[in-house]
Amino acid sequence: MNNLIQEAENTVFEFQPKDFEPAENHNINIDKVYAAKSYWKDVLSTFLKNKGAIVGLIAIIMIGIMAMIGPDLSGHTYDAQIITHQNLAPRVPGLEKFGIFNGSENMNTSTGKVKVNKYVDSSKTTGLENIYYWFGTDVLGRDIFTRTWTGTRISLYIALVAVIVDMCFGMSYGLISGYFGGMVDNIMQRFAEILNGIPTLVIVTLLILVLKPGLTTITLALATTGWIGMSRVARAQVLKLKEQEFILASKTLGAKDFYVIFKEILPNIFGQLIIMSMFSIPNAIFTEAFLAFIGLGVPAPLASLGSLISEAFKSFTTHPYMIIFPVIVLAIVMLAFNMLADGLRDAFDPKMKEM
Amino acid sequence: MRKYILKRIGISFITLMAILLILFLMLEFMPGSPFNDEKLNEAQVAILNAKYGLDKPVVIRFFNYIKNMLTGDFGVSYTISKNTAITTLLETRLPISIRIGGQAVLLGTFIGLILGLIAALKHNTIYDTITTVISVLGVSLPSYVFALALSYTLGFQLKWFPLLYQPEAVVKSSVLPTISLCMFTVATVARFTRTEMLEVLGSDYMLLAESKGLSGGRIILVHGLRNALIPIITVLAPLVVGLMTGSLVIEKIFSIPGIGSLLVNAIQANDYNVIITLAFIYSALYIGIMLVVDILYGVIDPRIRLAKGDGNE
Amino acid sequence: MEKEKVLSIKDLSISFQTSAGEVNAIRGVNLDLYKGETIAIVGESGSGKSVTVKAIMGILSGNGRINSGTIDFMYHRGEEEVHEDLLKLSKKEMCHRIKGKRIAMVFQDPMTSLNPTMTIGNQIMEGMRYHFKTPKQEAHEKAIKLLELVGITEPQKRMKNYPHQLSGGMRQRVVIAIALACDPEILICDEPTTALDVTIQAKILELIKEIQEKTNISVIYITHDLGVVAKVADYVGVMYAGKIVEKGLINEIFYDPKHPYTWGLLSAMPDLDTNDELLYTIPGSPPNLLNKIEGDAFAERNQYALNIDHRVEPPLFKVTDTHYAATWLLHENAPDIQMPMELKNRIYRMLGEVE
């Protein structure tokens, strides 16, 4: 019998008395269930693990709060022009003791670089000793801090417009075009294709020629072009879904077309749509900032981040502080929305998860 | 393939006609006549109208208009440079814009591809993170932020490059504009290459190529990059748009005498004719580029090239 | 004539680093392959079949680590007999000497395993041109011969086709042609028929068999389908949880199985003569290899488990010179437990059919 054992020759097994009696396996029919997570829980937990997305979300919330309360904080208004307060550098109480934000700036004069402080002058009384402009003032003596946050409101308003346009128009267009297919789809797609063939830049400039520059025009411009990308994504998703069994089942049970579209299909593609609209926000803000920069932004004395940058650009070699703050806020807004959108995409798209 | 190309050309043509119609209608219904100089009396306006053919019926004027636009007769500028033919304005400006735009596309695509490839091949390493940061920054920050930062540091403080465009130092003064303009391209291409390449790297045919015992470089270039490049073509449209809008701002910041700054000036001076001409040129450029891209797409992807109708099945 | 041993895997163990921890995918595998023979590795998904062959090919994914073992590969270079341990070769040496050239692989899904942007012809010729610097004309002729060999009509014309122009069965034939391009000694087939229609499955299996007769190539077959095994294999290894639990000649495994897991697999195979109401399934699910396994990995699901199975992992017991099984039931002290009656009857019937 010994030759039955191949490997056992080298290994010594210690047997126990009951070793060769049948074991009592009571639970062999129970399948082990690995901890299951619901879809949304899974999305949430992936999202929370994404540091970039969380940072983006927090930044957006902070900027949102500042846009709400910011303009009332400094005690200055966004449109008050005080001639004696022109071109003042940033000055913040408390920080000025450390030599930063003390209201002084480097000026290039014919004799070279000079440090100038317009608030405090040892030789004379300026009348500004007790005045603080946290971000400084512009060439007309307006408070940049207040103007920056007023401008942020416009950017956030634009973001809102972008989402609404995407969600209402782009989504419906794509859903209907994809769901009905055939002739309807053909016509709707050709129309979108032609509209898409015209550069946004051209549409916007033409619109502004007809209307006058202002918030309404910008809103309209975004509404005309912003939805195309979204409609494409929505259509592609519908095409993917509409042949699936559960849609067929719903139709067999006599569901109306619009019921199927909005109750059966929409919930399944919502994740994709949210991601898409998140990506269109920075795009819209970008467009506004760009329009403002070429002089088609909101009319003065209103301010948007774009128009602030555009104005400050004229004197940015002499007073760089004027441009720095709006640029930083704009950059943070854009970055935050992009990072949030990235995080959402990773959370909704399980395909990319393990990579 | 022929059917595909014909269809593309057809759509491009219709789009161009639609744009021409819109532009024409805008000229027609623009508040006020192009000759809204208060010093002109009615008779003089009539003479001017006759001179520019504005007294003929709408349909004829429309066809005249199309003929003029397509043959490059854009009329004259009304305000920026009174009574200069727009063609003359464009002659010097268009090449400058196209050169800087072209440089930005080439440089941006090249750098973007390399960054994206590195990020995908060294996935989840520090290189990947760096590329991701660069691409998020590039997509997030408007090109004028880069332009301002570059011109303040390299131009104003270090004085390495001229702050403004100098016609006598073309190469040196186009460095900063090109870099600022290509950041968006770099970011978009890098981001997309990374995603696509990661997907291709995980595909079965890459495993098969690997199991053939080919060299790493050949696997990545012949089997990987080509398949990854096909979807990358789809981001070219937003890229071109980004370049166009970017060029307006960049040309303004660096005072480059191109069509971008011309458009900005025209908008600010309400020079309808110039604006509409430039709108047409931008549209035509865009449509032309998209057409070339679509056809290229077909050439690279055999699934489109050999689509039903002309495959040899 | 003495059979030539082409490939010999000894004590191979492989683990993967994952976010959840270390997964011990392969826990000591021993296997031999002889010239001109076919060995089939059978097992459930996740039992480590594919990992084993990927280790042979040197295409383990990045997080895989080989902990121990050798893979001895013997081939002829002219008259000379060469032995090489594949695990000791560098990536470069694997590429130059082994992969594609001497060991080739056919993958599971023909729909995705061909490069969509390269013609069939180029994909077949690529290996020859790369490894042997075959002149274009010669490579072309050989590719056409290969296409004929794998049963593709009008090979001239097909050379210029792209994968999307061929059906699934045709594509798998092309994949096989690609694998054979460099006249390899060993062909590894990783579930080559799973993704195909049943009618095409049989044709592909016959094709591989035919090719084997013509070229005297050795084949490793990975499958979970015992029906496929019965058609193609000379020798069978049953894998469970990263170990070979029973191996033997095809008749020994099918007609005289010793391991309760093999009993389970055979009972779970549907056939026309069995009139049971329910098709037998093996209860439970494979163990999570993240956890360290105490005793026999199959004990949890084994209704014939002995007490010792929960404590000590069984060694391989020798049944005949070619047949081994790792179960304590073969120990001299074990109670006399036979395979279930239904299975016995079934085997009886099958034997009857054969004779």
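Calculation rules
- Residues numbered from 1 in each chain as written.
- Chains lettered and ligands numbered in written order.
- Predicted model: local features only at pLDDT ≥ 70, side-chain atom pairs only at ≥ 80, totals over all residues.
- Domains from an automatic or database assignment.
- Contact = placed C-beta atoms within 7 Å.
- Helix = DSSP H or I, 4+ residues; strand = E, 2+ residues; numbered from the N terminus.
- Nonpolar A, V, L, I, M, F, W, Y, C, P; charged D, E, K, R; others polar.
- UniProt positions renumbered as here; feature names shortened; annotations may be inferred.
- Pairing = 2+ DSSP bridges.

Looking now at the domain arrangement of chain C. Residue and element names in this part refer to chain C. Partitioning chain C into domains gives domain 1 (5–233) and domain 2 (256–354). Taken over C-alpha atoms, the centre of domain 1 sits 30 Å from the centre of domain 2. With ten residues of domain 1 in contact, the opposing surface of domain 2 contributes six residues. Here the element with the most residues in the side of domain 1 that touches domain 2 is strand β2 (residues 21–34); it accounts for four residues. Of the residues belonging to the side of domain 1 that touches domain 2, the class tally is five nonpolar, four polar and one charged.

Moving on, we get to the UniProt feature "domain: ABC transmembrane type-1" (unreviewed entry) in chain B. Sites flagged by UniProt as "domain: ABC transmembrane type-1" (unreviewed entry) map to residues 94–297 of chain B. Spanning residues 94–297 of chain B, this segment combines 83% helix with 0% strand, and its end C-alpha atoms are found 27 Å apart.

Facing 24 residues of chain C, the contacting portion of chain B comprises 21 residues. Elements with a minimum of two residues in the side of chain C that touches chain B: α2 (91–98), β6 (103–106) and α3 (120–132) of chain C. For the side of chain C that touches chain B, the element with the most residues is α3 of chain C, which contributes four residues. Of the residues contributing to the side of chain C that touches chain B, the split by class is eleven nonpolar, nine polar and four charged.

UniProt's entry tags residues 9–266 of chain C with the feature "domain: ABC transporter" (unreviewed entry), counted in the numbering of this structure. Within residues 9–266 of chain C, the helical portion is 38% and the strand portion 30%, while the C-alpha atoms at the span's ends are 26 Å from each other.

This brings us to the sheet that holds strand β3 (residues 38–42) of chain C. All names here are of chain C. Ordered in space as β6-β7-β8-β3-β9-β10-β12-β11, the eight strands form an open sheet in which the pairing is mixed. Both edges of this open sheet fall to β6 and β11 (317–318), since each of them pairs with a single strand only. Note that β11 and strand β12 (residues 324–325) share two bridges and pair antiparallel. Counterpart to K318 in the pairing with β12 is Y324.

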